[in-house]
Structure formats: C-alpha cells, structure tokens
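Tertiary structure, described
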Amino acid sequence: MSNFPTTARCVVIGAGIVGNCLVGHLSDMGWDDIVLIDKGPLPNPGGSTGHASNFIFPVDHSKEIVDLTLESQRQYGALGMQNTCGGVEVARSEERMEEFRRRMTSAKCWGIESSLMTPAEVKDLVPFINEEVILGGFYTPSVSAVDSLETGTQMRKRAQEAGHLKVLANTEVLDIETTETSHGKAISGVVTENGTISCETVVIASGVWSPKLAAMAGATIPLTPAVHQMADVGPFDVLVETNQELAYPIVRDMDTFCYERQSSGSMEVGSYGHRPILHRVDDIPSNDEAALSPTEMPFTPDDFDQQMEEAIELMDFLGDGEIKYAINGLLSLTPDGMPCLGETTEVRNLWSAAAVWVKEGPGMAQVVAEWMTYGYPRVIDVHGADIARFYDGERSEDHIWSRADESFINNPLL
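Read on for an overview of the structure. Since the model is a prediction, treat every value here as computed from it, not as a measurement.

1. Here we look at the sheet that holds strand 13 (residues 224–234)
Here we have nine strands laid out as an open sheet, ordered 6-7-5-14-15-16-13-18-17, and mixed in their pairing. For this open sheet the edge positions go to strand 6 (115–117) and strand 17 (296–297), each flanked by a neighbour on one side alone. Pairing geometry for strand 13 and strand 16 (residues 266–271), over five bridges, is antiparallel. From the neighbouring strand, Asp232 faces strand 16, where its bridge partner is Glu268. On the sheet, helix 3 (residues 94–110) packs against strand 5 (87–91), strand 6, strand 7 (136–140) and strand 14 (250–253) and is oriented at approximately 20° with respect to strand 7.

Written out as structure tokens, the structure reads:
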C-alpha cells in the first residue's frame, strides 16, 4: 500500500459504533495523526454494531449507565440519527410490577419521564398486544431507535475531513508491539498484514475480538463473546399499513426476557431467555468464512422455540408470520456485566473501549476520549466501568466464563 501510514500518534482498532465515535471525539479534542483500523469492510465491518437492534431504553437503576445513555441519545439526536418512538416494558407477574414501581423511583431520580400503565393503557399504545397475559406496564416516551452504522460513518468522516484521521479497512492486525520502560511495558507499534505502524497509543474498540488483541500486547480485556438470538418475523398487514419503520412503541417482555420491535412490515423478536451460549474468540469465523457476517452466527431454533411461543402468547399475530431471517448474534459479556473502559493495567498507553452497547456507544466514546486527553472523564463518572476494577483472578478465562454463564439468565441484558 503506497499510502500506508508508518507512524501515528494513536491507532484505534475497531470501526464499530465505539471506534468510529472515538476517533470523532478525539479529533474534536485536538488529536491528529490518528489511524483507524478494521479487518472488515466499511461501513459495516462485521461486528456487533451491524446486527444490533439499535433501540435505547434510558431508565436504569445505575446512574452511571443512565448518564452514558442520555449523552448517547443526545449525540444521536444531534446527528439526526434518532427515531423517538417510545417504549413499554410489560409485566406478567406481581414481582415484576413491584420492580416497575422501583423503576419509577429511578426514573424520577434521573429526571426521565415515565409512567406505570394498566393492561388497557398498554393496549391503547400497542393495539395488537394481548392485555390478558400482563398485569401492567412501564412506559417511557423517550425510548428511541437509532442508526448506529450511519452515526459511526458521520463521526469517522468528521475526523477525516478535519485532516486528523487515516482509515484502513480490510486490514488485519497481526500483533501489537510493546517496549520495556522504567515504568513497565508501553505501546510502541501495531503490526498489520500491510506493514507496521509505530505509535505511542493504541485503543482496542473491537468488541468480541478485544481479548485476542489485548493478549497480543500481554494485556487482558475480561470479556467473552455470547449469543443473543434474534428473528425477523412477518410480514403483517397491521405493520405494513403504517408505512413506517417504527410506528408503535418498542415492547420489552421483562418476565420472558424477550423484546418485540417493529421493523417496517415485520416484527423483530429478540431473546435473552435462552440458555447461555458462549464462544471463544478463536471460534468466530472470518469475514470470508461467515455466511452473513462474523458476529451473525448460525441460528439454533431449539433454543428459540420457547421464546417464540411466549412472544406469540403476547402478540398472537406473530403465529401467522414466517421467520424471514434469524441469527445467533454475538455480543460481549464481562464478569460483572459492565463495560471495560480505560488504560489497561498491564501496558501503558494501551486503552480499552470494549463491551459497550449501541445505546451507550457515543457517550462512552466521549468519556474515553476525555480520559485520554485530560487524564480523567470530565463530566460522567465511570468508575464502575474502569477496567482496573478486575483483580488478577477475575481476568482468567475460567472466571469470565463461569460468571457470564451464571449471570446471563439471572441478570439478563435485555
């Protein structure tokens, strides 16, 4: 490659929602001579951003996650990449209704408009729902759906147009080089299939591939790839007739760990209620080997059958549709369910921006950019996501797998 950059101030590995937003924020904060690398093609290199459902429910019991989510919604909105459709979470049990009452307390504390609903009120919002199987709902009008691929594209182009960024798509990273200093190991370069880039800072924003890349430098990013099942079911006249991508609020069936999201004339049914299905990074297929994309693994229908039955119970018209597209989509799970942000403890100037979801992507990218620029996140406290929180024993593959296997269903990421 005649224009291959041999030096850079900072190399960001991964061109999903986080990596793209990160280079945009770094550029805004005065960083230049940045290189963004991804082994896949752009705008969709094959990571989790490409198959995400892209909806945002802002209410959480964690102030940290709420702040990151609201900042992300603000950024999506500023770029014109947000469709505010509202969302309703439904309860099938009194225990879930009690949790909704607690959720109302959090919503009020964080200043997010929300309300509890009767089954009849839920049906007024979503007329095709079976109100007889629910006890009530929790409605948040600011729930939105976003275009994460176009958002990332705009943020990446902003840095390019400022003259601060070079982009290397379809470029495999083979190694991350370090050097010994008086303060321990530090970053010195990134080896790719097309040559080596000498640099002083590397950020790994590679989603499910992040542990493999960190290991190249002798560091750890404690996460494991895990499956979230998703099926596109349809078409349905009631949805086709709206002539909209999202005419109805997104529904989360909290007791079955499912969601139902309109996608034009079809309904996307997503499940977190199946058995934990974990993968090792080396088992993820390459772009050339994957039938769809590397993170869209072959669907295992036996794991989805019960979830589909429960979805039909909630919305009986789903039983009349056909599954047009279904995947075992990969996402990142950490031992405690929180992201991995910050400088790694093993290697100086090697940063992690991993295990981040679309709903917090732009906000977390801004936090990491601030951290790299000023030495600390300026607005949002992200101590719960600091990668330094893990003890050595919590970084082992056995521990990560055991905790992810245990927490997937007990603490679902719906």
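2. Regarding the nonpolar core
With 39 residues, the main nonpolar core has Val12, Leu22, Leu26, Val203 and Met372 as its most contacted residues. Secondary-structure elements contributing two or more residues to this core are strand 1 (7–13), helix 1 (17–28), strand 2 (34–37), helix 2 (63–78), helix 5 (148–161), strand 20 (350–354) and helix 9 (361–374). In terms of residue count, helix 9 provides more of this core than any other element does, seven residues in total. Residues in contact with Val12, not counting those within four places in the same chain, are Gly19, Leu22, Val23, Leu26, Ile34, Val35, Leu36, Ile37, Val203 and Ala205. Counting residues in hydrophobic clusters, the runner-up holds 28 residues, among them Ala8, Ile187, Ile221 and Cys340.

3. Section: the state of the cysteines
Note on terminology: disulfide describes a covalent bond linking the sulfur atoms of two cysteines. What the rule picks out here adds up to zero disulfides. The thiol of Cys21 is not disulfide-bonded; the next cysteine sulfur, from Cys10, is found 15 Å away. For Cys21, a relative accessible area of 0% gives the class buried.

4. Details of helix 8 (residues 301–314)
With 14 residues, helix 8 should cover 20 Å at 1.5 Å per step; its first-to-last C-alpha distance of 19 Å lies within 8% of that length. Taking the largest bend as the criterion, helix 8 deviates by roughly 25°, centred on Gln307. What helix 8 keeps buried is the set Asp303, Phe304, Gln307, Met308, Glu310, Ala311 and Leu314. The inward-facing, buried residues of helix 8 abut strand 5, strand 13, strand 14, strand 15 (258–263) and strand 16.

5. Here's the deal with the environment of Val59
Secondary-structure assignment places Val59 in the loop between strand 3 (55–56) and helix 2. Remark: the alpha-carbon pair of Val59 and Leu213, spanning 154 residues in sequence, is separated by 33 Å. In this structure Val59 touches Val66, Arg103, Ala107, Ile112, Ser114, Phe138 and Thr140, once residues within four positions along its chain are discounted.

6. Some details on the packing of aromatic side chains
For the structure on display, the rule yields 11 aromatic pairs. Relative to Phe317, the ring of Phe128 lies with its centre 5.0 Å away and its plane at 50°, an arrangement referred to as tilted. Here Phe128, found in the loop between helix 4 (119–125) and strand 7, pairs with Phe317, found in the loop between helix 8 and strand 18 (322–333); they are 189 residues apart in sequence, far enough to count as distant. Neither Phe128 nor Phe317 differs from the other in exposure class; each is buried. A centroid spacing of 6.5 Å and a plane angle of 45° characterise the contact between Tyr259 and Tyr272, whose relative ring orientation is tilted. Placement of Tyr259 in strand 15 and of Tyr272 in the loop between strand 16 and strand 17 is noted, with a sequence separation of 13 residues between them. On the basis of relative accessible area, Tyr272 is assigned to the buried category, the value being 6%. What links up through ring pairs into an aromatic cluster is the set Phe55, Phe57, Tyr259, Tyr272, Trp357 and Phe408.

7. Examining the sheet that holds strand 3
Here three strands make up an open sheet; going across it, the order is 3-8-4 and the pairing antiparallel. At either margin of the open sheet sits one strand with a lone partner, and together these are strand 3 and strand 4 (82–84).

8. Here we look at the packing of helix 2 against helix 9
Two elements in contact, helix 2 and helix 9, have axes separated by 6 Å at closest approach and are oriented at 105°. Judged by the inter-axis angle, helix 2 sits roughly perpendicular to helix 9. Along the contact surface, helix 2 presents Ile65, Leu68, Glu71, Ser72, Arg74, Gln75 and Tyr76, while helix 9 presents Gly361, Pro362, Gly363, Met364, Gln366 and Val367. Of the residues assigned to the contact of helix 2 with helix 9, the class counts are six nonpolar, five polar and two charged.

What counts as what
- Residues numbered from 1 in each chain as written.
- Predicted model: local features only at pLDDT ≥ 70, side-chain atom pairs only at ≥ 80, totals over all residues.
- Heavy atoms only, no water.
- Pairing = 2+ DSSP bridges.
- Helix = DSSP H or I, 4+ residues; strand = E, 2+ residues; numbered from the N terminus.
- Contact = heavy atoms within 4.5 Å.
- Axes fitted to C-alpha atoms, helices over the stretch in contact; angles between N-to-C directions.
- Core = buried A, V, L, I, M, F, W, Y, C linked by side-chain atoms within 4.5 Å.
- Buried < 20%, exposed > 50% of the residue type's maximum accessible area, 1.4 Å probe, protein only.
- Disulfide = S-S within 2.5 Å.
- Expected span 1.5 Å × (residues − 1).
- Bend = angle between axes of the 7 residues up to and from the residue.
- Phe/Tyr/Trp six-rings, centres within 6.5 Å; stacked < 30°, edge-to-face > 60°.
- Parallel < 35°, antiparallel > 145°, perpendicular 65-115°, else oblique.
- Nonpolar A, V, L, I, M, F, W, Y, C, P; charged D, E, K, R; others polar.

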